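# What the coordinates show
Residues per chain are reported as follows:
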Amino acid sequence: MSDVPYRIYLSEEEMPHQWYNLRADMKELPDPYINPATMKEAKLEDLYPVFCQELAKQEMDNETRYIDIPEEVLNFYKIYRPSPLCRAYNLEKALGTPAKIYYKFEGNNTSGSHKLNSAVAQVYYAKQQGITSLTTETGAGQWGTALSEACAYFGVPLTVYMVKVSSQQKPYRKAIIETFGAKVIPSPSETTEVGRSILKKHPGTGGSLGCAISEAIEKAVTTEGCRYVLGSVLNQVLLHQSIIGLESKLAFEKIDEYPDIIIGCAGGGSNLGGLIAPFMQDKLLGKKNPYFIAVEPASCPSMTRGKYVYDFCDTGKVTPMARMYTLGSEFIPSPNHAGGLRYHGMSPIISKLYHDEYLNEARAVEQTKVFDAATFFAKYETILPAPESSHAIRAAIDEALKCKETGEAKTILFGLTGTGYFDMQAYMNYNEKKLTDYIPTDADLQKAFDLFPKIPGIQE
Ligand SMILES: Cc1ncc(COP(=O)(O)O)c(C=O)c1O
């Protein structure tokens, strides 16, 4: 066995003091947002009614390579960061692979996932601007939990629109968000225009992230001193999540290693974008050539079966339109236990990198195979992974098994984004062999593709 420890920890002093903005090194930038009111390129000011100013600036900033992490945010980060880079010796042994498997563990904090990295930053900037309340949506509940913790810390009231099916499947998630003082409203709800109209169109719907986003935005723009915050997809969120990749790269430098394959699960793309950021920089600058894999659920396959077009980021069609891989903003995925991966679109940055073939591969996996990987991993590595994170585990195990066949000792890095202790219903269903693998048909997908927005001169 090598002398690489099981856990590679950085010290507090070694934690990066700046986020890295990948857009500054991209050969071509993602296409600009389009304002649906004017059908023209969205301007910075167009974002101000929805987002607080500093975050709107970060959203539009394609040039600044490194952005200082404010001291108050760094102080919060120190409660749970730097997070460990772990060597999966036990998993390697159980698989009998010559591959070296590493995972960056982001579930080692109070909220249980990487979502806290951006929640802290977003609430801090809102507070700085004198914003008096915030709204958001949550699917699986991880983002709502992280944001409620950050809001409690900074003393900012929060309303969370929680996808209805998740609030029913995960009462304890709802309870923890409420314990931190936030208000939870199952979505779609009767509290907003858009919620009422979605309920009229789809009575009995379990909701979707797209619906919940629309409701949270409506509430923000119709409430004095209120703004909306989003936990994924946006450029600003990928920026904050770059701390994951920056720390990973520093830890690899300590042990004189560099990953050959980097794998992340992909819902809206934030952990993946954060994990790959500094490694992608190396690739863009021609220094290294790691192989990047995005893993998504077969039930919500935005990258593998979606189209690279302009689309709304929400079902209510109030957000700016983004060019991204999308299944259509009206696509409502079947209930699936990887709740946090049930989003119709993909981060514009990740979409562009995939379209331009810098991000090498997107892979869709079925939920039973994901849970096979999750339970295998749990037994050997002793961490119960979140169903979302387990998509990355599935691909990491498959890559390690390929190495077993070829005899190659590749270095594999994957993002273990969170723990699954609030996902026990999913694990129970798996143990009782009740999980099903729903895969949408081409006809199902076509229905939502037919509703892509038309933009004169750009997308007819
Ligand atoms: C644990 C965990 N991992 C991954 C994701 C996917 O989000 P993203 O693609 O933004 O990282 C989620 C979303 O809720 C999550 O809760």
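Located above this text is the structure these notes cover.
Read on for a plain summary of the structure. Small disclaimer: the values here were computed from a predicted structure and weren't measured.

Once that is clear, we can look at helix α15 (residues 367–381). Taking 1.5 Å per residue as the helical rise, α15 with its 15 residues ought to reach 21 Å, and the 20 Å between its terminal C-alpha atoms agrees with that figure. Along α15, the positions that sit buried rather than exposed are Gln367, Val370, Phe371, Ala373, Ala374, Phe377 and Glu381. Each buried residue of α15 sits inside an arc of 160° when the element is viewed along its axis, so together they form one side. Looking at the buried positions of α15, the neighbouring elements they touch are α4 (89–95), β13 (291–297), β16 (361–365), α16 (387–406) and α17 (424–431). In the stretch just after α15, Thr382 is the one whose phi turns positive, near 65°.

Looking now at the site of the ligand. If you check the shell around the ligand, you find 21 residues, and the closest are Gln142, Ser232, Gly267, Gly340 and Gly418. Within the residue set of the shell around the ligand, elements represented by two or more residues are α6 (142–154), α12 (270–284) and α16. When residues in the shell around the ligand are grouped by element, the largest group, 3 residues, is from α12. Its residues assigned to classes, the shell around the ligand comprises 7 nonpolar, 13 polar and 1 charged.

Below, the discussion takes up the pairing of strand β8 (residues 133–138). When you tally the buried positions in β8, you get 5 out of 6 residues, the bulk of the element. Where β8 and strand β9 (residues 158–163) come together, 5 bridges link them in parallel fashion. Along β9, the bridge assignment pairs Thr138 with Met162. Handedness of the crossover joining β8 and β9 through α6 is recorded here as right-handed.

Once that is clear, we can look at the packing of α6 against helix α8 (residues 171–179). Between α6 and α8, whose axes approach to 8 Å, the crossing angle comes to 15°. With respect to α8, the axis of α6 lies roughly parallel. Seen along the crossing, α6 lies across α8 with a hand that is left-handed. Side by side, α6 and α8 meet where Gly144, Thr145 and Ser148 of the first sit next to Arg173, Ile176 and Ile177 of the second. Among the residues forming the contact of α6 with α8, the class breakdown is 2 nonpolar, 3 polar and 1 charged.

With that settled, consider the nonpolar core. Grouped burial of nonpolar side chains is what soluble globular proteins tend to show. Val120, Val123, Ile263, Ala294, Ala396 and Ile412 are the most contacted members of the largest nonpolar core, which has 130 residues in total. With 8 residues, helix α5 (residues 116–128) is the single largest residue contributor to this core. Sequence-distant contacts of Ala294, that is, excluding residues within four places in its chain, are made with Gly264, Ala266, Leu272, Met303, Ile350, Tyr354, Leu359 and Ala362.

Another aspect to go through is the sheet that holds β8. Pairing between sheet strands relies on hydrogen bonds along the backbone, with the strands arranged either parallel or antiparallel. Pairing within the open sheet is parallel, and its 4 strands lie in the order β10-β9-β8-β11. Each end of this open sheet is capped by a strand with a single partner; those strands are β10 (183–187) and β11 (226–228). Neighbour to neighbour, the strand axes of the sheet diverge by 25° on average, direction disregarded. Contacting β8, β9, β10 and β11, helix α10 (residues 209–221) crosses the sheet at an angle of about 170° to β8.

Now for the sheet that holds β16. Sheet architecture is open: 7 strands sit in the order β1-β6-β7-β17-β12-β13-β16, paired in mixed fashion. Strands at the two margins of the open sheet, each flanked by one partner only, are β1 (7–8) and β16. Note that strand β12 (residues 261–265) and strand β17 (residues 411–416) share 3 bridges and pair parallel. In the strand pairing of β17, Ile262 is matched with Leu413. Against the sheet, α12 engages β7 (100–105), β12, β13 and β17, with an angle of about 160° to β12.

On to the pairing of β17. Burial analysis of β17 places 5 of its 6 residues in the buried class, which makes it a mostly covered element. Direction of pairing for β7 relative to β17: parallel, over a ladder of 6 bridges. When the sheet's bridge partners are listed, Lys104 is paired in β17 with Gly415.

Note that the residue after Arg81, namely Pro82, is joined by a cis bond; omega there is -5°. Omega for the peptide link from Ser187 to Pro188 comes to 5°, which places this bond in the cis form. With respect to the element layout, Pro188 can be found in the loop between β10 and α9 (193–201). Of note, Met39 is a non-glycine position whose phi angle comes to about 60°, a positive value. By the element assignment, Met39 lies in the loop between β3 (34–35) and β4 (40–41).

The next point concerns the environment of Arg363. Tracing the backbone shows Arg363 in strand β16. Arg363 gets classed as partly exposed once you count the C-beta atoms within 10 Å, which come to 18. It is 34 Å that separates the C-alpha atoms of Arg363 and Asp68, two residues lying 295 residues apart in sequence. With residues up to four places along the chain from it excluded, the contact list for Arg363 reads Ile293, Val295 and Ala395.

Procedures and definitions
- Residues numbered from 1 in each chain as written.
- Predicted model: local features only at pLDDT ≥ 70, side-chain atom pairs only at ≥ 80, totals over all residues.
- Helix = DSSP H or I, 4+ residues; strand = E, 2+ residues; numbered from the N terminus.
- Expected span 1.5 Å × (residues − 1).
- Buried ≥ 20, exposed ≤ 12 C-beta atoms within 10 Å, placed from the backbone.
- Arc of directions from axis to C-beta.
- Contact = placed C-beta atoms within 7 Å.
- Near = placed C-beta within 6 Å.
- Nonpolar A, V, L, I, M, F, W, Y, C, P; charged D, E, K, R; others polar.
- Pairing = 2+ DSSP bridges.
- Right-handed = clockwise from strand over helix to strand, strands pointing away.
- Axes fitted to C-alpha atoms, helices over the stretch in contact; angles between N-to-C directions.
- Parallel < 35°, antiparallel > 145°, perpendicular 65-115°, else oblique.
- Left-handed = near helix turned anticlockwise from the far one by under 90°.
- Core = buried A, V, L, I, M, F, W, Y, C linked by C-beta atoms within 7 Å.

Don't take any of this as a statement about function, it's just geometry.
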